Amino acid sequence: MEIRVEKIRKEFDLYPALHDVSLKIESGELIALLGPSGSGKTTLLRLIAGLEQPTQGRIFFGNEDASYRSVQERNVGFVFQHYALFRHMSVLDNVAFGLKVRPKGQRPPKAEIRRRALELLEMVQLNGLEKRFPSQLSGGQRQRVALARAMAIEPKVLLLDEPFGALDAKVRKELRRWLRDFHDRTGHTTVFVTHDQEEALELADRVVVMSQGKIEQVGSSDDVYDRPNSPFVFSFIGESASLPVKVEGGVVHFHGAPTGLTAQRDGEARLFFRPQDVSLIEEGPGMTGPVTSSRRLAGTRIAEIELGSPEKPCHVEVEVPLEASASNGSILSFRPTRWKLFY
Amino acid sequence: MSNERFKNPITESAPVRWALIAAVLAFLALFVLTPLVIVFTEAFSKGWEEYILALQEPDAVKAIRLTLLVAAIAVPANLLFGLAASWAIAKFEFRGKSFLITLIDLPFSVSPVISGLVYVLLFGANSVLGPILKSHGLQIVFAVPGIVLATIFVTFPFVARELIPLMQDQGTGDEEAAISLGANGWQAFWYVTVPNIKWALLYGVLLCNARAMGEFGAVSVVSGHIRGLTNTMPLHVEILYNDYNVVGAFAVASLLALLALLTLVLRTILETRYGSELSAGQKH
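Being a predicted model, the structure only gives us computed values, none of them experimental.

**So, the sheet that holds strand β1 (residues 3-12) of chain A**
What links the strands of a sheet is backbone hydrogen bonding, and the strands pair in either a parallel or an antiparallel sense.
Residues and elements named next belong to chain A.
Here is step 1 of the chain: Strands sit in the order β2-β1-β4-β5 across an open sheet of four strands; the sheet is antiparallel. Edge positions in the sheet fall to β2 (15-25) and β5 (64-65), since each of these pairs with one other strand and no more.
Here is step 2 of the chain: In this sheet, β5 lies alongside strand β4 (residues 56-61) in antiparallel orientation, the contact comprising two bridges. Bridge pairing in β5 links Phe 60 to Asp 65.

**Regarding the side chain of Thr67(B)**
Residue and element names in this part refer to chain B.
Here is step 1 of the chain: Its location among the elements puts Thr 67 in helix α3 (residues 58-91).
Here is step 2 of the chain: What makes Thr 67 buried here is its relative accessible area of 2%.
Here is step 3 of the chain: Other than its neighbours up to four places away in sequence, Thr 67 contacts Met 213, Thr 232, Met 233 and Pro 234.

**So, the pairing of strand β8 (residues 189-194) of chain A**
Residue and element names in this part refer to chain A.
Here is step 1 of the chain: Burial within β8 is extensive, with six of its six residues counted as buried.
Here is step 2 of the chain: Across the two faces of β8 the burial is the same, with Thr 189, Val 191 and Val 193 and Thr 190, Phe 192 and Thr 194 all buried.
Here is step 3 of the chain: Pairing of strand β7 (residues 157-161) with β8 involves five bridges; the strand directions are parallel. Residue pairing across strands places Leu 159 opposite Val 191, the latter belonging to β8.
Here is step 4 of the chain: This β-α-β element, β7 to helix α6 (residues 169-186) to β8, shows right-handed connectivity.

**Some words on a nonpolar patch on the surface**
Here is step 1 of the chain: Nonpolar side chains collect at one region of the surface, where Trp18(B), Ile21(B), Val24(B), Leu25(B), Phe27(B), Leu28(B), Leu30(B), Phe31(B) and Val32(B) lie side by side and expose about 970 Å² of accessible area between them.
Here is step 2 of the chain: Residue position: Leu25(B) is located in helix α1 (residues 14-43).

**Concerning the packing of aromatic side chains**
Here is step 1 of the chain: Considering all chains together, one arrives at 21 aromatic pairs over all chains under this definition.
Here is step 2 of the chain: Between Phe97(A) and Tyr191(B), the ring centres sit 6.4 Å apart and the planes meet at 90°, which makes this aromatic pair edge-to-face. You can see Phe97(A) sitting in helix α3 (residues 91-100) and its partner Tyr191(B) sitting in helix α10 (residues 185-214), one on each of two chains.
Here is step 3 of the chain: On the basis of relative accessibility, which here comes to 40%, the residue Tyr191(B) falls in the partly exposed class.
Here is step 4 of the chain: The lysine or arginine in question, Arg149(A), covers the ring of Phe86(A), its NZ or CZ lying 4.6 Å from the ring centre.
Here is step 5 of the chain: Note that Arg274(A) overlies the ring of Tyr225(A), its terminal NZ or CZ placed 4.1 Å from the centroid.

**So, the domain arrangement of chain B**
You'll often see interface size given as the accessible area lost when the parts meet.
All names here are of chain B.
Here is step 1 of the chain: For chain B, the assigned domains are domain 1 (1-43) and domain 2 (47-278).
Here is step 2 of the chain: Taking only C-alpha atoms into account, the centre of domain 1 sits 33 Å from that of domain 2.
Here is step 3 of the chain: Residue-level contacts link six residues of domain 1 with 10 residues of domain 2.
Here is step 4 of the chain: Summing the contributions of domain 1 and of domain 2, the shared interface buries around 640 Å²; its carbon and sulfur component is 82%.
Here is step 5 of the chain: Taken together, domain 1 and domain 2 are joined by zero salt bridges.
Here is step 6 of the chain: At the boundary of domain 1 with domain 2, the tally comes to zero residue pairs in polar contact (both at pLDDT 80 or more).

**Focus on the nonpolar core**
Residues and elements named next belong to chain A.
Here is step 1 of the chain: One finds Val 95 and Leu 147 to be the most contacted residues of the largest nonpolar core, which totals 44 residues.
Here is step 2 of the chain: Take this core: its biggest share by element is six residues, from helix α5 (residues 139-151).
Here is step 3 of the chain: Leave out the neighbours within four places in its chain, and Val 95 touches Ala 117, Leu 120, Leu 121, Val 145, Ala 148, Arg 149 and Ala 152.

Parameters and conventions
Residues numbered from 1 in each chain as written. Chains lettered and ligands numbered in written order. Predicted model: local features only at pLDDT ≥ 70, side-chain atom pairs only at ≥ 80, totals over all residues. Heavy atoms only, no water. Pairing = 2+ DSSP bridges. Helix = DSSP H or I, 4+ residues; strand = E, 2+ residues; numbered from the N terminus. Buried < 20%, exposed > 50% of the residue type's maximum accessible area, 1.4 Å probe, protein only. Contact = heavy atoms within 4.5 Å. Right-handed = clockwise from strand over helix to strand, strands pointing away. Patch = residues over 30% accessible without salt bridge, like charges linked within 9 Å, V, L, I, M, F, W, Y side chains within 5 Å. Areas by Shrake-Rupley, 256 points an atom, 1.4 Å probe, with all protein chains shown as cover. Salt bridge = Lys/Arg side-chain N within 4 Å of Asp/Glu carboxyl O. Phe/Tyr/Trp six-rings, centres within 6.5 Å; stacked < 30°, edge-to-face > 60°. Lys NZ or Arg CZ within 6 Å of the ring centre and 35° of its normal. Domains from an automatic or database assignment. Buried area = accessible area lost by both parts, 1.4 Å probe. Polar contact = N/O pair within 3.5 Å; in protein donor to acceptor, adjacent residues only side chain to side chain. Core = buried A, V, L, I, M, F, W, Y, C linked by side-chain atoms within 4.5 Å.

The structure is reproduced here in structure tokens:
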């Protein structure tokens, strides 16, 4: 099921949570909505589910306008951040709930409901736990019960709100791989919300980076990491450093001195680069400053260098080879090898 | 360090502990246990037969019936009111919400006598509404409807106060999950909300019922003390006692005391077994 979000605007008490957001999600795609808290990613997910009504704009499921359809009519599988399992029902009853509440004509017979629920539990690898109650399960198991419960209604779309947020790091990694597998097996169009970029980059076919109620960039992991299209995306995804620079006569100047980098357009700009995309230089134009601190990070060393004037210092982190001398106070010169200017 | 020598920083020394416990027990014995024992000894002071006879006396039977009738109307009414109010407060955002919460607590802070008086001033013969009611042949004050109204007013907060904190704590997540799975509003309420709050609801109903049957002040003002007609059990106890009918007064009082004990036992069972599900509700 393809989903199209067209110029959606959502206001809560006149405070806009989403400004004219448009997005097209392909059928069978696994897509991540990534952003800091308050970026509107959960609001967008809830709008797609029908748990919120848009102030303006429309949502299409395939070719049908679903904007004014109720949650029940949209037939989406929604997995809540804290799972929202029914605590007084057994695991089996939780999974069977969506079938049990169907109107008489569409409700399968009891034995069939039970068979389907057990089948779903097997699919999420929880066979044998059907008699337990949610409080008797681990976080990862609850998560999978929530998924099985959502799948029971044979949804066209699977929506997950921070699916791994409440789990510890190890279980999170396992479930991440498991969800990717699950998606590849079932082929559902899946949208999940996360604030964890590693999760988004590893799991999703495409990542939607959001900030302050707007979509900043939509693209593959490679796109958003290697070709960020805005200062926000550059600084939000991965490590980065940024410096205020001035382009004069096609040469990028920092603090009045040429950096050895060239650009087409003159003017004030911000220079972004990643710590690993620099090379240390012995001579020639570059950026030079004393090391203020350094730390060992696995196979490399990260040095913090103070640039600019002592009154208005800029600190940037760069990766230096282990053998380079980077003790505090030693002077280092470097030049970015991959970088981007935002005017 | 040996365990015996280790002194818990927030535990008092043994003599202090014993002194405090003894003081509390003495206090309870004097003010709670003694009256309870006296109620039963006085009720049985002339033997079983007199006790049974006192309870079979026609006015006493009518008072018991009236009390049961009033409770049978007031408790379900406040069950519905309480459920509706806590649902609205816990699951929706609207203006004037904190005012509504204050309003629900009002009967706790107003003297029951005042609340009874309000009904007399509102519906009595000399009130604005009095002539209109009279022309329609409706008698509210000094009749059963007035007693029911006063009881509903006084017991209004019990169910709502029990449910509001619990339902606020539970939020709307479970209901959202239910409707996302295709349930309609009624199914979500019946299969998800009610099971989540059932013990707190029962607890609230229990307290509400105990108060409805035991209420004296408000009912005393609106009832008019007509024997066999508008006397509830607590009012009947007073009348019998003023008539120097000690056995009769204490026999009826013993029924109220039994109700109190039963409430206490059920309450303790609920609290020990479902304490976590009653959650933040315990504020009385």
